[in-house]
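Coordinates in review
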Amino acid sequence: MIYDNIKKILFVLPPETAHNFVEFFLRVFARYKLSKNFFASRYFVDDEALCQNIFNQKFKNPIGLAAGFDKDATMIAGAYMLGFGYSEVGTVTKVAQIGNKKPRLFRLKELNSLQNAMGFNNKGADNMLNNIAKTTADIPIGISIGKNKTTPNSDTIEEYLYLVKKFKNSCDYIAINISSPNTPNLRDLQNEPFVAELFAKATTITAKPILLKLSCDIDKTTAIDICQTAINHGCSGIIATNTSIDYSLTSLSKDLGGLSGEVIKDKAYELFETIAKEFYGKTLLVSVGGISSADDVYKRIKAGATLVQIYTGLIYKGPQICHHINRELIRLLKADGYNNISQAIGVDR
Ligand SMILES: Cc1cc2nc3c(=O)[nH]c(=O)nc-3n(C[C@H](O)[C@H](O)[C@H](O)COP(=O)(O)O)c2cc1C
């Protein structure tokens, strides 16, 4: 396979350098119609069986590019070229920040996993707004928002509301990120009073769907309580999960940052399943964490996910991942007698 060879080269480079390299190529190829269409015709699966109408937008397949890959919204057309049905860009903060000290991204190759302590490195809200304005809207866009590292928790609500206001006309949904392990005390905001106030105020600013992304490590009862509070105050969906700092998952882990990929697959699924049991049919559910095959996606869909997202799987499986999954997904749906993916959502609950 071609990607096996490309991967050998990319994996010789430090992970962030490899990422920047890929970003460069995606931007160049996306700039020209000819190359953009060439890649899209190879990787983007366009089939009615996978189409869903969500948030008044057509999602042509359920696989989104997870937050963190495209921090500054420079690769939306690139995500389309790779076959993603939508992209969640960010996490973006009000002001640009450099993130944590390098090295902060590591490969756990034996486990098809990553560990990162990036710390919301991004060029800030104004830059993202400009980048989105310049892009062609080939696929729906979600914007993940977070707080600057130096913002005290007492000013955090105002900062999230600022970002909601900023992006309300530039995306199809907004994702609230209070679940990254790499910004000090951020995950402490996963509490009911904060979530209640944030959603109550944010939903007066915009009618755009606002979703909540949860940590992989949150205790299940707390997760249910927080989701319920968020939904009571206007939250439109739950994204589960972010990375995990449960280093007992592997002896190969480092002592910093969040694990992603195969190593968190079961843990992320377990939390998703718990949430789906409680909230399927009451809100939109997005599953993320360790997904890399059609079987993974189908399992999450049948457990109640309307959409899924992938980050680490893309690094290990390469640019064909969406094409492979979507083609196989169509086969799995047909084999079970479904004409459209929406008929399979939640059937295993
Ligand atoms: C390098 C890296 C950076 C990430 N940055 C963000 C981020 O900025 N915001 C966010 O919500 N999630 C971020 N994530 C988490 C992913 O969106 C996703 O929730 C997690 O990696 C699990 O999915 P996966 O196993 O498919 O990678 C990041 C993940 C990685 C690997």
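Above this text sits the structure in question.
The following refers to the structure shown. (Residues numbered from 1 in each chain as written. Predicted model: local features only at pLDDT ≥ 70, side-chain atom pairs only at ≥ 80, totals over all residues. Heavy atoms only, no water.)

Neighbouring the ligand are 24 residues, the closest being Ala-67, Thr-91, Gly-261, Gly-290 and Thr-312. Here an oxygen atom of the ligand sits 2.7 Å away from a polar atom, N or O, in the main chain of Ala-67. At a separation of 2.8 Å, an oxygen atom of the ligand approaches a polar backbone atom of Gly-261. Calculation on the ligand without its partners gives an accessible area of 610 Å², and the protein chains cover 98% of this total. Counting only elements with at least two residues in the shell around the ligand, the list comes to β4 (86-92), β6 (113-116) and β11 (258-261). Here the residues of the shell around the ligand sort into eight nonpolar, 14 polar and two charged. (Near = heavy atom within 4 Å. Polar contact = N/O pair within 3.5 Å; in protein donor to acceptor, adjacent residues only side chain to side chain. Areas by Shrake-Rupley, 256 points an atom, 1.4 Å probe, with all protein chains shown as cover. Helix = DSSP H or I, 4+ residues; strand = E, 2+ residues; numbered from the N terminus. Nonpolar A, V, L, I, M, F, W, Y, C, P; charged D, E, K, R; others polar.)

Two numbers describe a pair of aromatic rings. These are the distance of the centres and the angle of the planes. Summed over the entire model, instances satisfying the criterion amount to 13 aromatic pairs. A centroid spacing of 6.3 Å and a plane angle of 20 degrees characterise the contact between Phe-39 and Tyr-43, whose relative ring orientation is stacked. Of this pair, Phe-39 and Tyr-43 both sit in helix α3 (residues 33-43), separated by four residues, roughly a single helical turn. Each member of the pair, Phe-39 as well as Tyr-43, carries the same accessibility label: buried. Taken together, the aromatic side chains of Phe-21, Phe-24, Phe-25, Phe-29, Phe-38, Phe-39 and Tyr-43 make up a single cluster linked through ring pairs. Positioned over the ring face of Tyr-162 is Lys-94, at 4.6 Å from the centre of the ring. The ring of Phe-11 has Arg-107 lying over it, and the distance from NZ or CZ to the ring centre is 4.3 Å. (Phe/Tyr/Trp six-rings, centres within 6.5 Å; stacked < 30°, edge-to-face > 60°. Buried < 20%, exposed > 50% of the residue type's maximum accessible area, 1.4 Å probe, protein only. Lys NZ or Arg CZ within 6 Å of the ring centre and 35° of its normal.)

Tracing the backbone through its elements, the reader meets Gln-309 in strand β13 (residues 307-310). Among the polar contacts listed, one links the side chain of Gln-309 to the side chain of Tyr-86, at a separation of 3.5 Å. Sequence-distant contacts of Gln-309, that is, excluding residues within four places in its chain, are made with Gly-64, Ala-66, Ala-67, Tyr-86, Glu-88, Tyr-173, Ile-239, Val-286, Ser-287, Val-288, Gly-289 and Ile-291. (Contact = heavy atoms within 4.5 Å.)

We now examine the pairing of β6. Residues Ser-113 and Gln-115 of β6 are buried on one face, and the alternating residues Leu-114 and Asn-116, pointing to the opposite face, are buried as well. Here strand β5 (residues 105-108) pairs with β6 via four bridges, running antiparallel. Of the residues in β6, the one forming a bridge with Arg-107 is Leu-114. What sits between β5 and β6 in their antiparallel hairpin is a turn of four residues, with Asn-112 showing a positive phi close to 45 degrees. In the sheet, β6 pairs with β11 via four bridges, with the strands oriented antiparallel. Of the residues in β11, the one forming a bridge with Leu-114 is Ser-260. (Pairing = 2+ DSSP bridges.)

That's the geometry; what it means functionally is another story.
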